[in-house]
Amino acid sequence: MNDLDVLKVFCAGDGRHGNLLGVVRDGRACPDDASRQALAAELGYSETVFVDDPERGVVDIRTPGTRMSFAGHPLVGVAWLLDIEELQPPAGSVWARDDGEFTWITARPEWVEGKRTEQYASPAEVDALPAPPPGEGWLYAWAWEDESAGRVRARGFPRRADGVITEDEATGSAAILLTAQLNRALNITQGAGSQILTAPGPDGTVEIGGRVRFAPGGIGGSGGGFGSGDA
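These figures come from a predicted structure and were not determined experimentally.

A. Highlighting the nonpolar core. Counting residues in each nonpolar core, the largest one holds 44 residues, and the members touching the most others are Leu75, Val78, Ile105, Tyr140, Val152, Ile188 and Ile196. For this core, the element with the highest residue contribution is helix H2 (residues 72-82), accounting for 6 residues. In terms of nonpolar packing, the next biggest core, distinct from the first, is built from 9 residues, Val24, Leu43, Tyr45 and Phe50 among them.

Right, dumping it as structure tokens:
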């Protein structure tokens, strides 16, 4: 598909890591629900975004199995790609900005559905968790690396019934939820080395930012490893 871009969102400082994202710049290439869901399943990324109006920022977000009203890493990625100040996912208006290194969006934590955070005693305990840990439901496991500096080590586990997706490389929505719960700015290292920055706003919103790069190699499913959960 000529109008498909593949991005890495929440890259580390050296450009490595990040969660893969498919962006179909012209949503008319997949005009109906069935074709969009089929393409999202074929690509196998945690999310694929279909841009329905690039000037107004109207977007449709799909996982391989369903449509989402909000997700963090897809909106950071498409904000960087389209270079616009406002996005319109189904959940509501999302403001965006770029500071030259990081692309930021502002969202509401109540838009995050179906995820649970759990604190562990140390980063070593988080690193030692199997993928996925026993249990049910979307788990965001985290521990302080440096509490005074707001540095967090995290891993994200969708734990869906199909068992295809084991771990998410970088989960913007879960980072938003954790930031709201702790009510402080965070510098999160997730997965193999992705970086997510956050800051709570005075009106109950959370701003979340990260580096975005084009992914080398283009099209292809990421399978069941990192980069395959709900972001």
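What follows continues from the structure just given.
B. Spotlight on the pattern of salt bridges. For the structure shown, the criterion picks out 16 salt bridges. Taking the shortest distance from any N to any O, the salt bridge between aspartate 53 and arginine 56 comes out at 3.5 Å. Residue arginine 211 is joined to glutamate 101 by a salt bridge in which the shortest nitrogen-to-oxygen separation is 2.9 Å. With arginine 211 in strand S14 (residues 206-214) and glutamate 101 in the loop between strand S7 (94-98) and strand S8 (103-107), this pair connects stretches of sequence that are 110 residues apart. Under the relative-accessibility criterion, arginine 211 is labelled buried at 7%. With a relative accessible area of 42%, glutamate 101 lands in the partly exposed category. In this structure, a network of salt bridges that share partners links the residues Asp33, Arg36, Asp52, Asp60, Arg62 and Arg67.

C. Spotlight on the environment of valine 6. By the secondary structure assignment, valine 6 is in strand S1 (residues 4-11). For valine 6, a relative accessible area of 6% gives the class buried. Along the sequence, valine 6 and leucine 21 sit 15 residues apart, while their C-alpha atoms lie 5.6 Å from each other.

Rules behind the numbers
- Residues numbered from 1 in each chain as written.
- Predicted model: local features only at pLDDT ≥ 70, side-chain atom pairs only at ≥ 80, totals over all residues.
- Heavy atoms only, no water.
- Core = buried A, V, L, I, M, F, W, Y, C linked by side-chain atoms within 4.5 Å.
- Buried < 20%, exposed > 50% of the residue type's maximum accessible area, 1.4 Å probe, protein only.
- Helix = DSSP H or I, 4+ residues; strand = E, 2+ residues; numbered from the N terminus.
- Salt bridge = Lys/Arg side-chain N within 4 Å of Asp/Glu carboxyl O.

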